Amino acid sequence: NIADFTPDAARTNGLSPFSGVFVVEVRRGSTAARQGVFPQSIITHVGDAPIANTRELLEALDRYPESLPLRFTVLTWESDLGELVSRFALLEIQPN
C-alpha cells in the first residue's frame with residue numbers, strides 16, 4: 001500500500017520540502033522487503049525519473065515491460081543515525 005508524500009508532510013516531520021510516495025505496507029518476505037523497502041519508506045525515483053505522487057509512480061510503472069527489474073530510489077529513516085538515508089532498490093514488477 002502506498003500514499004502521496006507531500007512537501008507539507010515533509011515540513012510537518014521537520015524535513016526540507018520534497019515529494020514522493022509513502023510506503024504504508026510491505027509484505028513480509030517480499031522482494032521489496034528484502035531490498036530494504038519498509039513501511040514508512042519514501043519512493044522518490046523510478047529509474048532516473050523523479051516521482052512526486054502515486055499517479056506519477058503508476059504512470060512510470062506502466063512505461064516499463066512487466067517483469068523488468070527497475071531501480072527505485074528509496075528514502076528510509078535510520079533511527080541509529082537520526083536521519084533519512086537514500087538507497088537503491090532493484091524490484092521486479094509483477095502484473096496484478
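Just above sits the structure.
Conventions we followed
- Residues numbered from 1 in each chain as written.
- Predicted model: local features only at pLDDT ≥ 70, side-chain atom pairs only at ≥ 80, totals over all residues.
- Heavy atoms only, no water.
- Helix = DSSP H or I, 4+ residues; strand = E, 2+ residues; numbered from the N terminus.
- Rg over C-alpha atoms; globule rule 2.2 N^0.38 Å.
- Buried < 20%, exposed > 50% of the residue type's maximum accessible area, 1.4 Å probe, protein only.
- Areas by Shrake-Rupley, 256 points an atom, 1.4 Å probe, with all protein chains shown as cover.
- Salt bridge = Lys/Arg side-chain N within 4 Å of Asp/Glu carboxyl O.
- Polar contact = N/O pair within 3.5 Å; in protein donor to acceptor, adjacent residues only side chain to side chain.
- Contact = heavy atoms within 4.5 Å.
- Phe/Tyr/Trp six-rings, centres within 6.5 Å; stacked < 30°, edge-to-face > 60°.

Asks: Help me out: how do you make sense of the overall build of the protein chain in this one?
Replies: Looking only at helices and strands, the protein chain features 3 helices and 6 strands. If you list the helices and strands of the protein chain from N to C, you get β-α-β-α-β-β-α-β-β. For 96 residues, the compact-globule estimate of 2.2 N^0.38 gives 12 Å, and the protein chain sits close to it at 13 Å. With 96 residues in all, the protein chain has 29% of them scored as buried. Summing over all exposed atoms, the protein chain offers an accessible surface of approximately 6200 Å²; the carbon and sulfur share of this is 51%.

Asks: Sorry if this is basic, but what is going on with the pattern of salt bridges here?
Replies: In the structure shown here, the tally under the stated rule is 4 salt bridges. Across the pair arginine 71 and aspartate 48 runs a salt bridge, and its minimum N-O distance is 2.6 Å. Here the residue arginine 71 occupies a position in strand S5 (residues 69-78), and aspartate 48 occupies one in the loop between strand S3 (42-46) and strand S4 (49-50), the gap between them amounting to 23 residues. Under the relative-accessibility criterion, arginine 71 is labelled partly exposed at 33%.

Asks: Could you clarify how one ought to interpret unusual backbone geometry in this entry?
Replies: Across the chain, the bulk of peptide bonds are trans and the bulk of non-glycine residues have phi less than zero. Of note in the backbone geometry, glutamine 40 takes a positive phi value of approximately 80° without being a glycine. The residue glutamine 40 is located in the loop between helix H2 (31-34) and S3 in this model.

Asks: Is there a simple way to think about the side chain of serine 41 in this case?
Replies: Mapped onto the secondary structure, serine 41 falls in the loop between H2 and S3. For serine 41, a relative accessible area of 0% translates into the label buried. In terms of polar contacts, serine 41 uses its side chain to reach the backbone carbonyl oxygen of phenylalanine 38, at 2.8 Å. Here the side chain of serine 41 touches threonine 76 through a polar contact of 3.3 Å, side chain to side chain. Beyond its immediate stretch of four places on either side in the chain, serine 41 contacts Val21, Phe22, Val23, Gly36, Val74, Leu75 and Thr76.

Asks: How should the packing of aromatic side chains be read in this particular structure?
Replies: The relative placement of two aromatic rings is captured by the distance of their centres and the angle of their planes. The full count for this structure, using the stated rule, is 2 aromatic pairs. Summarising the aromatic geometry, the rings of phenylalanine 5 and phenylalanine 22 are spaced 6.3 Å apart at their centres and angled 20° between planes, so their arrangement reads as stacked. Placement of the pair is phenylalanine 5 in strand S1 (residues 2-5) and phenylalanine 22 in strand S2 (residues 20-23), with a sequence separation of 17 residues.

Asks: Can you walk me through the environment of alanine 49 in this structure?
Replies: Mapped onto the fold, alanine 49 is located in strand S4. On the basis of relative accessibility, which here comes to 28%, the residue alanine 49 falls in the partly exposed class. Sequence separation between alanine 49 and threonine 73 is 24 residues; the distance between their C-alpha atoms is 9.6 Å.

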